[in-house]
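# Report on the structure
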Amino acid sequence: MDALAEAFRLIITLDADLFEILWLSIQVSLSALVVSAVIGLPLGTWLAITRFPGRKFCILLLNALMGMPPVVVGLIVYLLLSRSGPLGWLGLLYTPSAMIIAQVVLITPIIAALSNQVIEHLHQEYRDTFYSMGITGRRAVGAYLVDARYALTTCILAGFGRAIAEVGAVIIVGGNIDHLTRVMTTAIALETSKGNLTLALGLGAVLLTLSLLVNALVIGVREYAAKRQYA
């Protein structure tokens, strides 16, 4: 109980170390989310409205990648960015950029697969209308993204929730370096192993709060869209 009380004191007093870790976590996760959304939303939409040989396999692969083990992603990115790897010359290993890359690899399939499911349903309703109006290709992708914006927002929030809670991949490629690559999840793991429960509990409380906020936003967006009869 003493550790819990001290943890809340750190939060209330805006402890510098705690909020440094929190700020880096948000920066890394939001950066990865933006990149993943830019890639995943158009990709999922394109797969939903385009017919080509191997399409079902691509969707199957995308769905399979949603459950990709984070440590495997971390290992792959580590091998790519290590000094002897093909991208070693960039010098990104053990930097926030490496953590962003790992999170992008993790959450892009999630956003793409979820958006594919959303647009697939919408496409069944609008397909004939769009064809009759000659709306195809990029115009169709853009129209679907705009029309399904509320449902797709929940896909993006799901991706953010996955990113902010990630530990396995980011600890491998980031190294959990103090004041450089230490984010909430890796700091909690380290501080718990050291027996420093005060900081671990403080970060855990903040992480749990963020998770609750993300889920509340998802529910709020769905209810808002339902009231206005959006997809």
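Residues numbered from 1 in each chain as written. Predicted model: local features only at pLDDT ≥ 70, side-chain atom pairs only at ≥ 80, totals over all residues. Heavy atoms only, no water.

### Digging into the packing of helix 4 (residues 70–81) against helix 5 (residues 96–133)
- Across the interface, helix 4 lies against helix 5 with an axial gap of 10 Å and an inter-helix angle of 130 degrees. Comparing the axis directions of helix 4 and helix 5 gives the class oblique. As for how helix 4 packs across helix 5, the hand of that crossing is right-handed. The segment helix 4 lies against helix 5, with Pro70, Val73, Val77 and Leu81 engaging Ala98, Ile101, Ala102, Val105 and Leu106.
- Of the residues in the contact of helix 4 with helix 5, the class split is nine nonpolar, no polar and no charged. (Axes fitted to C-alpha atoms, helices over the stretch in contact; angles between N-to-C directions. Helix = DSSP H or I, 4+ residues; strand = E, 2+ residues; numbered from the N terminus. Parallel < 35°, antiparallel > 145°, perpendicular 65-115°, else oblique. Left-handed = near helix turned anticlockwise from the far one by under 90°. Contact = heavy atoms within 4.5 Å. Nonpolar A, V, L, I, M, F, W, Y, C, P; charged D, E, K, R; others polar.)

### Structural notes on the environment of Leu47
- Mapped onto the fold, Leu47 is located in helix 2 (residues 16–49).
- Owing to a relative accessible area of 3%, Leu47 belongs among the buried residues under this scheme.
- Considered as a pair, Leu47 and Gly202 are 155 residues apart in the sequence and their alpha carbons are 42 Å apart.
- If we ignore the near neighbours within four places in the chain, the residues touching Leu47 are Phe52, Arg55, Cys58, Ile59, Leu62 and Asn116. (Buried < 20%, exposed > 50% of the residue type's maximum accessible area, 1.4 Å probe, protein only.)

### Side note on the environment of Ile21
- As for its position among the elements, Ile21 is in helix 2.
- Judged by relative accessible area, which is 6%, Ile21 ranks as buried.
- Residues Ile21 and Asp147, 126 residues apart in the sequence, show an inter-C-alpha distance of 37 Å.
- When sequence neighbours within four positions are dropped, the list of residues in contact with Ile21 reads Arg182, Val183, Met184, Ala187 and Leu203.

### Focus on the UniProt feature "transmembrane region" (unreviewed entry) in the chain
- Feature annotation in UniProt places "transmembrane region" (unreviewed entry) on residues 21–48, 60–81, 93–114, 155–177 and 197–221, given in this structure's numbering.
- Counting secondary structure, residues 21–48 comes out at 100% helix and 0% strand; the distance between its end C-alpha atoms is 39 Å.
- Spanning residues 155–177, this segment combines 74% helix with 0% strand, and its end C-alpha atoms are found 31 Å apart. (UniProt positions renumbered as here; feature names shortened; annotations may be inferred.)

### Digging into the packing of helix 7 (residues 149–164) against helix 10 (residues 197–227)
- The N-to-C vectors of helix 7 and helix 10 enclose an angle of 170 degrees; their axes lie 9 Å apart at closest approach. Relative to helix 10, the element helix 7 lies roughly antiparallel. Contacts from Tyr150, Thr153, Thr154, Leu157, Phe160, Gly161 and Ile164 in helix 7 reach Leu207, Leu210, Val214, Leu217, Val218, Val221, Arg222, Tyr224 and Ala225 in helix 10.
- Among the residues making up the contact of helix 7 with helix 10, the classes are represented as 12 nonpolar, three polar and one charged.

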